[in-house]
Amino acid sequence: MLIARQHKVKGKKVKRKLIIITAIIIVSIILIVSAAFKFETKPKYELSKIEKRTIIETVEASGTVNPVQTVSIGSQVSGMIKDIYVDFNSRVKKGQLLAQIDPSLFQAQVDKARGDLGAARANSQKVKSMLIYDEANYKRYKELYKKRYVSKSDLDLAYATYQSDLAQLASTNALISQANATLQNNLTNLRYTRIISPVDGVVVSRDVDVGQTVAASFQTPTLFSVAQDLTKMQIEVSVSEADIGKVKEGQEAEYTLDGYPNETFKGKVSQVRLASTTVSNVVTYTVVVSVSNENDILKPGMTANVSIITDKKENALCVDNSAMRFTPKEITGGKKFDKQGIWVLRKNKPVRINIKTGVADSDFTEIISEELKQDEEVIIGSLDKKQTTNNMKPPRMF
């Protein structure tokens with residue numbers, strides 16, 4: 001009897017425990033379903049704080065590194081290249097001989113011109129001698145005519161001979177001038193066979209070889225290109241018409257080079273050119289950024305990715321750019337607003353605040369509003385259970 005009673009009491013305790021466990025499970029299920037229902041019906045928002053930061057507005061562009069001044073050296077005469085005295089990367093001085101065109105034909109022309117000039121001078125001297133004689137003869141005839149020793153026709157003949165000598169002398173003097181001009185022209189052409197550097201610099205291009213014939217019939221062929229000073233370079237970048245209004249002379253710029261991906265270099269806008277270029281209906285303007293090359297890192301022709309700093313502001317009240325694009329459709333129903341604004345949480349409800357914007361970069365925008373303060377949280381996005389994020393740091397949610 002005692003054992004049966006003990007088993008009966010023990011069975012009641014077990015049954016009571018089962019009832020309690022079952023009740024706990026049911027209550028837990030109800031709470032989970034209720035929480036899930038609330039999760040489904042209540043929107044979640046991704047939040048970001050309003051912060052004070054230094055914000056920099058830039059215009060991005062790419063361009064080519066070039067020397068500040070490159071002189072193209074050519075030939076004004078045609079002929080065969082006889083000698084070349086410099087090569088690529090050679091440092092040259094002003095007046096230095098770079099190449100020599102075969103001077104044989106030009107020297108022959110100079111010699112002929114000198115001979116023609118000598119002949120013209122000799123002929124002039126001969127005419128001068130005849131002029132002296134004929135002038136004296138005319139004066140004698142003039143005196144004899146006064147004494148009636150010669151006829152008037154003899155006097156006229158002497159006078160005509162004298163005048164003829166004067167004209168012939170003038171003609172020979174003109175021939176001397178012409179021969180002298182021809183000689184000077186040939187001497188100049190002979191000098192042009194010596195290709196001389198007009199500036200100090202470095203040879204960045206050589207377009208001829210020994211034995212090659214250059215022809216200067218219609219235009220001067222370029223033989224060498226000499227960069228004057230490679231310690232000072234410039235980057236010519238193309239800026240779109242949408243951004244050109246922000247770019248001014250004197251603005252700071254930063255640039256990177258493909259050859260030095262881990263370094264950032266600095267420069268300054270030195271010129272905004274007025275001439276435009278249109279390619280495929282896209283209008284761009286050339287902006288020149290002056291850069292230093294004291295370390296001889298820059299090479300002509302390098303591609304540079306340039307960021308021109310158009311505006312900079314410190315301690316600016318800034319928000320994430322996502323806040324500028326966010327609109328809770330469940331509240332606005334897709335309505336559009338006339339003024340720029342952002343959404344904040346006020347009493348756990350999204351509230352729209354009108355703002356004015358200032359400096360902006362790719363991540364943040366300066367906001368101007370008396371209703372917003374530092375560290376206040378703004379809504380930058382809406383999340384539901386289907387949305388996921390790949391960020392290492394999970395977003396703050398409400």
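Coordinates for the structure precede this section.
What counts, and where the lines are drawn
- Residues numbered from 1 in each chain as written.
- Predicted model: local features only at pLDDT ≥ 70, side-chain atom pairs only at ≥ 80, totals over all residues.
- Heavy atoms only, no water.
- Helix = DSSP H or I, 4+ residues; strand = E, 2+ residues; numbered from the N terminus.
- Buried < 20%, exposed > 50% of the residue type's maximum accessible area, 1.4 Å probe, protein only.
- Contact = heavy atoms within 4.5 Å.
- Pairing = 2+ DSSP bridges.
- Axes fitted to C-alpha atoms, helices over the stretch in contact; angles between N-to-C directions.
- Parallel < 35°, antiparallel > 145°, perpendicular 65-115°, else oblique.
- Left-handed = near helix turned anticlockwise from the far one by under 90°.
- Nonpolar A, V, L, I, M, F, W, Y, C, P; charged D, E, K, R; others polar.
- Core = buried A, V, L, I, M, F, W, Y, C linked by side-chain atoms within 4.5 Å.
- Patch = residues over 30% accessible without salt bridge, like charges linked within 9 Å, V, L, I, M, F, W, Y side chains within 5 Å.
- Areas by Shrake-Rupley, 256 points an atom, 1.4 Å probe, with all protein chains shown as cover.
- Salt bridge = Lys/Arg side-chain N within 4 Å of Asp/Glu carboxyl O.

Focus: unusual backbone geometry
At asparagine 281, a residue that is not glycine, the phi angle is positive and equals roughly 65°. Its place among the elements puts asparagine 281 in the loop between β13 (260–279) and β14 (282–292). Among the residues examined, asparagine 281 registers a relative accessible area of 74% and is labelled exposed. Phi at aspartate 296 is positive, roughly 60°, even though this residue is not glycine. Mapped onto the elements of the fold, aspartate 296 is located in the loop between β14 and β15 (303–320).

Some words on the environment of valine 351
Its place among the elements puts valine 351 in strand β17 (residues 349–354). In this structure the C-alpha to C-alpha distance between valine 351 and valine 378, which are 27 residues apart in sequence, comes to 9.5 Å. Other than its neighbours up to four places away in sequence, valine 351 contacts Ile342, Trp343, Val344 and Arg346.

Here we look at the sheet that holds strand β6 (residues 97–101)
Across the sheet, which stays open at both edges, the four strands sit in the order β7-β6-β4-β9 with antiparallel pairing between neighbours. With one partner strand each, in any of the chains shown, β7 (194–196) and β9 (213–214) form the two edges of the open sheet. Pairing of strand β4 (residues 79–84) with β9 involves two bridges; the strand directions are antiparallel. In the sheet register, glycine 79 faces β9, and the bridge partner there is valine 214.

Side note on the packing of helix α2 (residues 104–146) against helix α3 (residues 152–192)
Running from N to C, α2 and α3 point in directions that differ by 165°, and their axes come no closer than 7 Å. Accordingly, the angle class assigned to the pair α2 and α3 is roughly antiparallel. The two elements α2 and α3 cross, and the hand of that crossing is left-handed. Looking at the contact of α2 with α3 residue by residue, the class counts come to 23 nonpolar, 13 polar and 10 charged.

A word on the nonpolar core
Generally speaking, nonpolar side chains in soluble globular proteins are found buried as a group. Within the largest apolar cluster, 27 residues are counted, with the highest numbers of intra-cluster contacts made by Ile73, Leu98, Ile195 and Phe224. Elements that contribute at least two residues to this core include exactly β3 (70–74), β6, α2, α3 and β10 (222–227). Ala61, Val289, Met302 and Ala304 belong to the second largest nonpolar core, which has 23 residues in total.

Comments concerning a nonpolar patch on the surface
Among the surface-exposed residues, Ile21, Ile25 and Ile29 lie close enough to one another that they form a single nonpolar patch of about 280 Å² accessible area. Its relative accessible area of 47% is what places isoleucine 25 among the partly exposed residues.

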